[in-house]
Amino acid sequence: IPNRIICSGPAYHNQLLEWGMPPSQLCIGGTFRVSCFDRNYYDADGPVFIAASSSTSITEQMIHAVKLANNQERKFIVKMHPLYPQKINLTENMSLTKLTIPNQHGLSAVLYGTGTSGLEGLLAGVPTFRFRPDDRVAINVLPKGVKATPVSISTLGDALDNAKQPKPLEWKTVFSSVDQALWQKELNLSLIHI
């Protein structure tokens, strides 16, 4: 166990406390990666955002589920994992995007398998679906009490047909702003200008 764990916010800090981590080894340093969501991202007629996984198999199964959920009116945009881009066969109602969820304008839903895209979808107030593959475990990184609707290859279509806008998850219940002084102290950067 590390001597010091710097948490991105209260949700993960509290979860580690519940797991028995000594409070003296924990602090909250804030998040550099997930910006505060300050507007409504939901549009019932917007595209479904597909966050490709770092796992090729999970991404392939997600794309298969999307093709089965195709109702000819629904549009899908696929965001490749930045470190693990993959080749996928697009359909005419499916396109690629380089924009992350915070840079999108009007999404009808978010589908993810692994990673923080699910959390971003919930923070954006968009119906968010956690894809569960048939042949492996997709690790759930959501903090305690935060839930996305689980779907499979066969249930995605029904889930999208019945999607309702959730109440947006409050950013401050999960994350905190970056504490520059704490990071400088912990990384001993007082003499270095970033």
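As a starting point, this report considers the structure included with it.

Note that an α-helix has 3.6 residues per turn; residues three or four places apart therefore point the same way. All of the buried residues along helix α1 (residues 10-18) are Pro10, Ala11, His13, Gln15 and Leu16. For α1, the secondary structure elements touched by its buried residues are β1 (5-7), β2 (26-28) and α5 (171-174). In the stretch just after α1, Gly20 is the one whose phi turns positive, near 100 degrees.

Before going further, it helps to examine the environment of Gly125. With respect to the secondary-structure elements, Gly125 resides in the loop between α3 (117-123) and β7 (128-131). The exposure class of Gly125 is buried, given its relative accessible area of 0%. Apart from the residues within four sequence positions on either side, Gly125 is in contact with Tyr42, Gln165, Pro166 and Pro168.

A few words now on the pairing of strand β6 (residues 109-112). With burial as the criterion, each face of β6 is covered, one bearing Ala109 and Leu111 and the other bearing Val110 and Tyr112. Relative to β7, β6 runs parallel, the two being bridged by three bridges. Bridge pairing in β7 links Leu111 to Phe129. For the handedness criterion, the β-α-β arrangement of β6, α3 and β7 is classed as right-handed.

The next point concerns the pattern of salt bridges. According to the stated counting rule, one finds four salt bridges in the structure shown. Here Arg74 ties to Asp161 by a salt bridge, and the two come within 2.5 Å at their closest N and O atoms. Remark: Asp161 occurs in helix α4 (residues 156-161) and Arg74 occurs in the loop between α2 (56-68) and β4 (76-79); sequence separation between them is 87 residues. Of the residues examined, Arg74 reaches a relative accessible area of 12% and is grouped as buried.

Now for the sheet that holds β6. Pairing is parallel in the open sheet, where six strands are placed in the order β5-β4-β3-β6-β7-β8. Both edges of this open sheet fall to β5 (94-97) and β8 (149-151), since each of them pairs with a single strand only. The average undirected angle you get between the axes of adjacent strands in this sheet is 30 degrees. Two elements, β7 and β8, share three bridges in a ladder whose sense is parallel. Note on β8: the bridge partner recorded for Arg130 is Pro150. Sitting on the sheet, α2 touches β3 (48-51), β4, β5, β6 and β7, and the angle it makes with β7 is about 125 degrees.

The rules behind the values
- One numbering rule holds for all chains: residues counted from 1, following each sequence as written.
- Only residues with pLDDT of 70 or above have their local features reported here, since the model is predicted, and side-chain atom pairs are shown and tallied only from 80 upward, although totals for entire chains, interfaces and linings are computed over all residues.
- Side-chain metrics rest on all non-hydrogen atoms present in the structure, leaving aside hydrogens and water.
- Throughout this description, buried means an accessible area under 20% of the type-specific maximum (1.4 Å probe, protein chains only), exposed means over 50%, and partly exposed covers the range between.
- Secondary structure is summarised from DSSP: a helix means a run of H or I of at least four residues, a strand means a run of E of at least two, and numbering begins at the N terminus for each.
- The contact definition used throughout considers only heavy atoms, calling two residues in contact when any of these lie within 4.5 Å.
- Here the rule is simple: two strands pair whenever DSSP picks up at least two bridges between them.
- Whether a crossover is right-handed depends on one test, that the path from the first strand over the helix to the second runs clockwise when the strands point away from the viewer.
- Just to be clear on terms, a salt bridge is a Lys or Arg side-chain nitrogen sitting within 4 Å of an Asp or Glu carboxyl oxygen.
- Fitted lines through C-alpha atoms give the axes, limited to the stretch in contact for helices. The angle between two N-to-C directions lies from 0 to 180 degrees.

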